[in-house]
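# Overview (structure and organization)
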Amino acid sequence: MMLVAVRLSMLLLLAAAASASAQDKGTLDDRTLPPLAQPESPSTPAKELFARKTKPDPIAARSIGFYSRGCLAGAVALPINGPTWQVMRLSRNRNWGHPHLIEFLERLAEKAKRVGWPGLLVGDMSQPRGGPMLSGHASHQIGLDADIWLTPMPNHELSREEREFMSATEVVRDDRLDVDSRVWTHQHTELIRAAAQDAAVERIFVNAAIKKALCRDAGASDRGWLAKVRPWWGHDYHFHVRIYCPPDSSLCEPQPPPEPGEGCGHELDYWFTEGVLHPAPPTEPGKPKPSLTLANLPAACRQVLMAP
Ligand SMILES: [Zn+2]
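All values reported here derive from a predicted model rather than from experimental measurement. Numbers given for residues are sequential positions, taken from 1 along each chain in its written order. Two thresholds apply to this predicted model, a pLDDT of at least 70 for residue-level local features and 80 or more for giving and counting side-chain atom pairs, whereas whole-chain, interface and lining totals are computed over all residues. Hydrogens and water are ignored here; the side-chain numbers use all heavy atoms of the structure.

### A short note on the packing of helix H6 (residues 186–196) against helix H7 (residues 208–217)
- Where H6 contacts H7, the two axes come as close as 10 Å, and the packing angle between them is 95°. Classified by the angle their axes make, H6 and H7 are roughly perpendicular. Together, His186, Thr189 and Ile192 of H6 and Ile210, Leu214 and Asp217 of H7 make up the contact between the two elements.
- Residues are grouped as follows: nonpolar covers Ala, Val, Leu, Ile, Met, Phe, Trp, Tyr, Cys and Pro; charged covers Asp, Glu, Lys and Arg; every other residue, Gly included, is treated as polar. The residue inventory of the contact of H6 with H7, partitioned by class, reads three nonpolar, two polar and one charged. Between N-to-C directions, angles span 0 to 180 degrees; the directions come from axes that are lines fitted to C-alpha atoms, helices contributing only their stretch in contact. The numbering of helices and of strands both runs from the N terminus, where a helix is a DSSP run of H or I of at least 4 residues and a strand a run of E of at least 2. Roughly parallel covers angles under 35 degrees, roughly antiparallel covers those over 145, roughly perpendicular covers 65 to 115, and oblique covers all other angles. Any two residues having at least one pair of non-hydrogen atoms within 4.5 Å are treated as being in contact.

### Some points on the coordination of the zinc ion
- Surrounding the zinc ion are the protein donor atoms His140 (NE2), Asp147 (OD) and His240 (ND1), at 2.0 to 2.3 Å.
- Donor residues for the zinc ion, ordered by position in the chain, follow H-x6-D-x92-H. With Asp147 in strand S8 (residues 145–149) and His240 in strand S11 (residues 238–243), this residue pair connects regions lying 93 residues apart in the sequence. By the burial criterion, Asp147 is buried, and His240 matches it. Coordinating N, O and S atoms are those within 2.8 Å of the metal (3.2 Å for Na, K and Ca), and as water is not part of the atoms, a site may appear to have fewer donors than expected. To sort residues, take the accessible area from a 1.4 Å probe on protein chains only and compare it with the maximum for the residue type: under 20% means buried, over 50% means exposed, and anything in between is partly exposed.

### Quick word on H6
- The buried fraction of H6 is high, at nine of 11 residues.
- The set of residues buried in H6 consists of His188, Thr189, Glu190, Leu191, Ile192, Arg193, Ala194, Ala195 and Ala196.
- Packed against the buried residues of H6 are helix H4 (99–114), strand S7 (120–122), strand S9 (201–206), H7, strand S10 (229–231) and S11.

### So, the packing of aromatic side chains
- Here a pair means two rings of Phe, Tyr or Trp (six-membered ring of Trp) with centres within 6.5 Å. Their orientation is stacked below 30 degrees between planes, edge-to-face above 60, and tilted elsewhere. As enumerated under the stated definition, the model contains five aromatic pairs in all.
- Seen from their ring centres, Trp232 and Trp233 are 6.0 Å apart, and the 85° between their planes marks the pair as edge-to-face. We note that Trp232, like Trp233, is buried.
- A centroid spacing of 5.7 Å and a plane angle of 75° characterise the contact between Tyr270 and Trp271, whose relative ring orientation is edge-to-face.
- Members of the aromatic cluster, each reached through a chain of ring pairs, are Phe205, Trp232, Trp233, Tyr270 and Trp271.
- Charges are assigned to positions over rings by a cutoff of 6 Å between ring centre and Lys NZ or Arg CZ, combined with an angular limit of 35 degrees from the ring normal. Directly above the aromatic system of Tyr67 lies the positively charged group of Arg242, at a separation of 4.2 Å from the ring centroid.

### A word on unusual backbone geometry
- For Arg89, which is not a glycine, the phi torsion comes out positive at approximately 50°.
- Structurally, Arg89 is set in the loop between strand S5 (85–87) and strand S6 (96–97).
- At Asp222, a residue that is not glycine, the phi angle is positive and equals roughly 55°.
- With respect to the helices and strands, Asp222 occurs in the loop between H7 and S10.
- Owing to a relative accessible area of 44%, Asp222 belongs among the partly exposed residues under this scheme.

### A few points about the nonpolar core
- Within this scheme, the nonpolar core is defined by two criteria: the residues are buried Ala, Val, Leu, Ile, Met, Phe, Trp, Tyr or Cys, and they are joined through side-chain atoms within 4.5 Å. Counting 54 residues, the largest nonpolar core has Phe104, Leu120, Ile192, Ile204, Ile210 and Phe239 as the members making the most contacts within it.
- With seven residues, the single largest contributor to this core is H4.
- With 13 residues, the next largest nonpolar core counts Ile64, Cys71, Leu292 and Leu294 among its residues.

### So, the pairing of strand S1 (residues 62–66)
- When DSSP finds two or more bridges between two strands, those strands count as paired. In this structure, S1 lies alongside strand S2 (residues 69–73), joined through five bridges in antiparallel fashion. When the bridges of S2 are listed, Ile64 appears paired with Cys71.
- If you look at the hairpin formed by S1 and S2, you'll find two residues sitting between the two strands.

So, to be careful, I would describe these as geometric facts and stop short of saying anything about function.
Pasting the structure below:
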């Protein structure tokens, strides 16, 4: 019963996931958005409002609402260059997060080196004030989600052009049934293991083929971390890390814990059925899902948005 409900909610999210699976290129052009004709209108999509905020609300950090319905006060930027990380797609201005997320990424970047991964290429985190985005994700709204590329960091400081236009490594095989052994390495497993074993991490989303590979490569002992790694559509060239609600954020809504168990073996069968691997195209064009408005978000997000 629960499984059916989970699958249904996954199907509802399929459209959102599909758009996130494309490897969007960045741009070197000025991305300033034109002003909205009627920003005060109650029907204005919240993503249009939050996308126009280029700076954080400079108050104490707070994650407000749920991962896919909320906003972020007091965001901090992950520096675009660290000792063992680099931020990609700078034109998106999505390297913002709750300080806990920044601390987690710095910890993981350091641990990565120790497990033989040269460094992190960090993709989307959140916008300066969080909130819904114009492209790419249903979640990432409260500064507690980060996408990390499955491409090892090159050994030079990337140019602006490389950060905007370089493609991430597709690690799933063409038939979608397993990882591509030409690009998948044991270090991929060790990096995801290191992330999952961090006490701040609530769960990690990867493509089902990647989960299958992790189940196989994890070894006989020390498999508890696999429970946090869950299959999701897309996520075949990056993995998505979600951290817990921070204690300073009383309005942050936690996610129900994942189902118990490693989620290996037959639990993955559903993801490799024909209908999931090759979904039939809709017979008639579906109505696009209505966008969240400011009224759909927690009331505190209005103050975050309106702050100078
Ligand atoms: Zn993500």
